[in-house]
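# Report on the structure
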Amino acid sequence: MTLSNGLSPFLTFVNPETLQIQPNTSGYKKYFRELSGIYADETAFHGLAETFGNAVAYRVDEARFSDQASDLITGISVLEPGKVGQEFFMTRGHLHQRADRPETYYCLAGHGILLLESLAGEIKAMEMRPGSLVYVPPFWLHRSVNVGETVFATLFSYPADAGQDFEIVRQAKGFRQLVVSNANGGWTLAPNPHYRPRTAEEIRVYVARTQS
Ligand SMILES: [Fe+2]
C-alpha cells in the first residue's frame, strides 16, 4: 500500500454568476431534442422540439479525476426552466450503476425539486432553494426538476465508481409521479399514467449488480 494514489490536489472556482466550475475537467450539454421519451405528453414534446430542439436543456460541469471507488466526482448541473404540457423541465434521471452509492446535492440557484424514487416505487419530492442540501441514499433513483422561472443549479458530489444507469428509468416509463403545474402557478405531484413498476425479481437483480 502506498500513501498516494497518484492523484493531485485541485483548486477550482464555482462561479456564482455563470454557474460554471472554472476550470473543470469535463462536462456535457444535453439538448432538448435528446430528451425524447422522458415526458408523459409526447405530442407536447414533439411540438416544442420543432422550435426548441437545438436549445440546451441542461448542462453539467465536472471536477472528475478517476473512476476509483475511493475517489469523488463533484459537479454542477444547470437546468433551464420550462414545461412540456403541464410537466416541468427535468433531467433524464438515473440510478447509480453501482446502486449502493449515495450522492449529495446542494442548491446554488433557482427553485427545483430533487425527485427521488426507491426501487420499490416510493417517491420523495425534495423541494430545493439556494442553500438546500439533499442526501440521496444508496438505491434511490434521482432526477432534477425545475419548478421555477430561472435556471435551477445544483452542486453534486458522489463516489467516482458509481456510474449512471438511465435505462432503468426508460424501462419503467419514467418515475411513478410527475411534477406538474397546479392551478395556483405552483407545482404538485401527479400519477404517471405510463409507469411500469419493477418486479421483485428485477429489484433483486439491481441490488445484486452492486456486489459484482
Ligand atoms: Fe447520481
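Above this text sits the structure in question.
These notes cover the structure that comes with them. No experiment lies behind these values; they were computed from the predicted model shown.

## A word on the coordination of the iron ion
Around the iron ion, the donor atoms from the protein are His94 (NE2), His96 (NE2), Glu103 (OE) and His142 (NE2), and they sit 2.0 to 2.3 Å away. Note that the iron ion binds four donor atoms; their angles at the metal cover 84 to 164°, and the shape is irregular. Along the chain, the residues donating to the iron ion are arranged with the sequence spacing H-x1-H-x6-E-x38-H. Linking His96 in strand 8 (residues 95-96) with His142 in strand 13 (residues 140-146), this pair joins segments that are 46 residues apart in sequence. For the pair formed by His96 and His142, the shared burial category is buried.

## A closer look at the nonpolar core
Tyr39 and Val145 are the most contacted members of the largest nonpolar core, which has 41 residues in total. Apart from the residues lying within four places of it in its own chain, the contact partners of Tyr39 are Phe45, Val84, Glu87, Phe88, Phe89 and Met90. In terms of nonpolar packing, the next biggest core, distinct from the first, is built from six residues, Leu19, Ile21, Ala109 and Ala153 among them.

## Thoughts on the sheet that holds strand 4 (residues 56-63)
Taken in spatial order, the six strands of this open sheet run 3-4-5-14-9-12, and their pairing is antiparallel. Each having just a single partner strand, strand 3 (26-31) and strand 12 (133-136) make up the two edges of the open sheet. Strand after strand, the sheet turns through a mean of 20° between neighbouring axes, direction not considered. Where strand 9 (residues 103-109) lies against strand 12, four bridges are found, and the strand directions are antiparallel. By the bridge assignment for strand 12, Tyr106 is matched with Leu133.

## Describing the pattern of salt bridges
A complete count under the given rule lists twelve salt bridges for this structure. Taking the shortest distance from any N to any O, the salt bridge between Asp61 and Arg59 comes out at 3.9 Å. For the residue pair Asp61 and Arg59, the accessibility class agrees, reading buried in each case. Ionic pairing is found between Asp100 and Arg101, a salt bridge with its closest N-O pair at 2.9 Å. Owing to a relative accessible area of 18%, Arg101 belongs among the buried residues under this scheme. Residues joined in a network through salt bridges with shared partners are Arg98, Asp100, Arg101 and Asp161.

What counts, and at which threshold
- Residues numbered from 1 in each chain as written.
- Predicted model: local features only at pLDDT ≥ 70, side-chain atom pairs only at ≥ 80, totals over all residues.
- Heavy atoms only, no water.
- Donors = N, O, S within 2.8 Å, 3.2 Å for Na, K, Ca; no water.
- Tetrahedral: all angles 85-135°; square planar, octahedral: opposite > 155°, others 65-115°.
- Helix = DSSP H or I, 4+ residues; strand = E, 2+ residues; numbered from the N terminus.
- Buried < 20%, exposed > 50% of the residue type's maximum accessible area, 1.4 Å probe, protein only.
- Core = buried A, V, L, I, M, F, W, Y, C linked by side-chain atoms within 4.5 Å.
- Contact = heavy atoms within 4.5 Å.
- Pairing = 2+ DSSP bridges.
- Axes fitted to C-alpha atoms, helices over the stretch in contact; angles between N-to-C directions.
- Salt bridge = Lys/Arg side-chain N within 4 Å of Asp/Glu carboxyl O.

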